[in-house]
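A look at the structure
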Amino acid sequence: MQPFTTLRAIAAPYFEADIDTDKIIPHRYLRKPLSAGYRNFLFYNERFTPEGTVKPDFVLHRPPYDRAQVLVAGRNFGGGSTREGAVYALADFGFRALIAPSFGDIFHANCLQNGVLPVVLPDAVIAGLAKHLVEQPGAEVTIDLPGQEVTMPDGSRHRFELDPVRKDQLLRGLDDIGITLTDAGLIEAFEAQYHRRLHWLGNGRT
Amino acid sequence: MAAPTPRTMYEKIWDEHAVRTRGENEALLYVDYNVVHEGPFYAFDGLIQEGRAVRRPAQTIAFSDHYVPTVQRERGLDGIVDPEARSMVEQLAKNAATTGITHYGMDHPQQGIMHVVAAELGLVQPGMVVTGSDSHIATNGAFGAFGFGVGASQVKHILATQTVWLKKARTMQVVVDGTLGPGVSAKDVVLAIIEHLSIGGGVGHVIEYTGTVIRALSMEGRMTLCNMTIEGGARAGMIAPDEITVAYLKGREYAPDAAAWADAVAYWRSIATDAGATYDRHAAVDGSRIEPMVTWGTAQDEATGIGGTVPDPESLSDPARRVRARRALDYMKLVPGQSIRDIAIDRVFIGSCTNARLEDLREAARVAEGRKVVVPSVIVPGSQTVKRAAEAEGLDQVFLAAGFEWRSPGCSMCTGSNGDRVPAGERCASTSNRNFEGRQGRGSLTHLVSPAMAAAAAISGRLADVRDFL
C-alpha cells in the first residue's frame, strides 16, 4: 500500500448525494482482472455511451479535472455493495483522497485498505469547495494527513477526524494482515476458549 | 456486587467476539463464519501472492451464485456462454478446492444464493459474527447474529486470520408495532422503514428491529427485512432470537445436534438485548399503516404506497433528496403527480436474496393462480432446495400455467452479472433490493416490490395493488 502523507493536487467536483457503488463501477466490470486496469470502468455509464464513445461533458473528462487526484463528493458517497472494485477504479484513475460529508461504511473501510484517504468535512464546507472548483477549474487543495487538515484553494483550513490507528497505517502504508498476525497467539488463545465454550459450533466441523 | 450494565444484543455479540481492541473504538472480532461468492477473487489471488494460508477452512463457505446461468444448467460449465462469467465460476471452484473450503458450486444439489443457502443449512445461529463478500450478509441478522459485508481486502484478512478489524457502530432501535394489513409483507415493511430513514439514514449504525410486527414475522420475512437493512445505510440489521428462530434451526445440517441442543438454545437466549439496555437512536414505523410499497426512483427511499402518486421533487424538504429525485424522475421517465397504478411495465423479475424463498414464491403463486401474465415474467428460486420444495407443492405448475418462466437458482436479474439483464429503456417490477441506475442492466428502469405485488404486476402489465387480487 502506498503511504499517504501530504497531498497538494487538483480537485474535481462531483457534488451529488448518494452516489452508490453501482454508479462508481457497474457490476459487469467486476469480473475483470486487476491487470486490465480499472481506470476506464470508473463511473462508466456517466463517462461513456452504450457504444463506448466518450461523453466529453462529464466532469472527469474536462481538463484540468482529468488530472484530479482529489474527488469532492456529496453525502453517503459509496453506499451499496461491498465491491472493492469501486476503490480500485478510483485509485486507478489517480484519486488519492476523497472529500465528502459522509461515506458508505463498507466503502469507507475499503478505501483505508487501499491507501485512499476518505476525508469527512461538513456539508456546507464541501458545498462551498465544490462551487469554487466549478468556478475555478484546476484549483488545488492540500491535504495534510499528519496535521489532519485540509487547506482550501482560498487558504482556509479545516480539520478532519480520523482514527489514530488508521491514520498511522495510512502514513506508513501498512495493511492489516501483517499487524494482526503479530497477535497470532492472542487469536489462538481466543479461538481455543471460544470453541471449547461454544462446543456445538459446526457440529464438529470447525 | 453491582448489577452488570444492561447491554444490547449487538454489544453482547461484540464483547463475545472481541479478541483485542485498538484505537478509539476498533476491535479485532473473531469470525464464526465467512461466506464468499465468485466476486472476491482478488482475495484469493492476494493470499497466494503473499504466500498465506487459509487459517480455518471449515469456517469459510463458498457459494456460486452471481455468475451462474439460470437456464440450461444441465449443460454445466458449457452452459455459460460468456467466457469471463465462466472463468469467475471456475476460479471460485479452483480456489475452494485449493484451500479446502466447502463449496456449493453450480452442480451442488443445495446450490443457491449464498444468503438463502446459509440459512437453509443452519449455518447461521444466534450470537454469531458472520462476514462475507457481500453487503447482503446483513440477511443473517434475522437469526440474532451480527452479519456484515466487507470488501475483498478484508475477506483476505479474514481468510488469513479468521478475524476482522471493525469500528464499533452506534446502535439504533427501529420499532414496528401494530399489525400488517392483508397483502402487506416484510418487503413493504423494509421499504417503508427506508423511506422514513433515507438511504443514508443508517450510516454508522447497526439496527435492531423490535415490535409486534417483527415478532409475528416468519424467519423468511425476517430475512427479507434484515437483508435490505443495508439499503438504508446501516451495516447490519438484527432481530432477537425467539421460538420462531429456534424452531427454524432445529434439525438443520449445521445446527447443534441433540446432545448440545439445550446448551446452544440457552446461549442463544442469553444473547437477546437486556431489559433496560439503551440504544443511541430510535425510530418507529406504524405497521398497521404500511401499504404495499413501490419504488418510483433510483434509490430505495424513493418509495410510496401503491395508492400514491409520483411526488413532485420540489415538495421534498431535504435539498439533497430533492436534487436526487429530479434526476431519478428524468432517468425513470416519470412525471410528478402520475398515479403509481398507471405505470405500465415491460417485465417482471421474482428472485434475489431478498425475496426468493419458499414463502415468497407461495405469496406470488397465490396471486398468479388461475391467471395469465401479460408481460415477460421470470421466477428464479433462491436455491435448489427452494426449487425442489416449490415443485413438491406444485407451485411451478401454477407459475408455468400462468405463463411465468421457471428457472434455476442464482442472483440473476438482481445484479445482471450472469447476463440476465433488463434491456435498456425497459421497465421491470422486481422483487430484488436495488433500483439504482443501471443496476439491472444499463438503462434499465426498476420498481422494487414484494413477490405478491410483482405477480399482480405481471398479470396487469402495470403496477397494481395486490389487494385487488386476494
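Quantities reported herein were computed from a predicted structural model and do not represent experimental measurements.

Looking only at helices and strands, chain B features 15 helices and 19 strands. Expected size for 470 residues packed as a compact globule is a radius of gyration near 23 Å; at 21 Å, chain B falls within 12% of this value. The buried share of chain B, reckoned over its 470 residues, is 61%. By sequence separation, contacts in chain B at least 24 residues apart represent 77% of the contacts at least 6 residues apart.

With that settled, the discussion passes to helix α8 (residues 219-227) of chain B. All names here are of chain B. Within α8, eight of the nine residues are buried, leaving the element largely enclosed by the surrounding structure. The complete set of buried residues in α8 reads E220, G221, R222, M223, T224, L225, C226 and N227. Each element contacted by the buried residues of α8 is listed here: α4 (114-121), α6 (186-197), β10 (205-210), β11 (236-238) and α12 (358-368).

The subject of this paragraph is the nonpolar core. The biggest cluster of nonpolar side chains holds 206 residues, and the ones touching the most others in it are V72 and L98 of chain A together with A457 of chain B. L98 of chain A has contacts with L71, A73, F77, C111, V116, P118 and V119 of chain A, leaving out every residue within four places of it along the chain.

Attention now moves to the interface of chain B and chain A. Listed by partner, the interface residues are 59 residues for chain B and 51 residues for chain A. Breaking the side of chain B that touches chain A down by element, the ones donating at least two residues are β1 (18-22), β2 (26-30), α3 (83-99), α5 (152-161), β8 (163-167), α10 (258-270) and α11 (319-332) of chain B. Looking at the side of chain B that touches chain A element by element, the count peaks at six residues for α5 of chain B.

Turning our eyes to something else, we now look at the domain arrangement of chain A. According to the domain assignment, chain A contains domain 1 (6-174) and domain 2 (175-206). Put simply, the middle of domain 1 of chain A and the middle of domain 2 of chain A, counted by C-alpha atoms, are 36 Å apart.

All names here are of chain B. Taking 1.5 Å per residue, 14 residues should reach 20 Å; α11 reaches 20 Å between its end C-alpha atoms and fits that length. If you check which residues of α11 are buried, you get R321, R324, A325, A328, L329 and M332. Within α11, the buried residues cover an arc of 135° as seen down the axis, which keeps them to one side. Counted as exposed and oriented over 90 degrees from the buried face of α11: P319 and D330. Considering only its buried residues, α11 is in contact with β19 (445-448).

Scoring rules and cut-offs
- Residues numbered from 1 in each chain as written.
- Chains lettered and ligands numbered in written order.
- Predicted model: local features only at pLDDT ≥ 70, side-chain atom pairs only at ≥ 80, totals over all residues.
- Helix = DSSP H or I, 4+ residues; strand = E, 2+ residues; numbered from the N terminus.
- Rg over C-alpha atoms; globule rule 2.2 N^0.38 Å.
- Buried ≥ 20, exposed ≤ 12 C-beta atoms within 10 Å, placed from the backbone.
- Contact = placed C-beta atoms within 7 Å.
- Core = buried A, V, L, I, M, F, W, Y, C linked by C-beta atoms within 7 Å.
- Domains from an automatic or database assignment.
- Expected span 1.5 Å × (residues − 1).
- Arc of directions from axis to C-beta.

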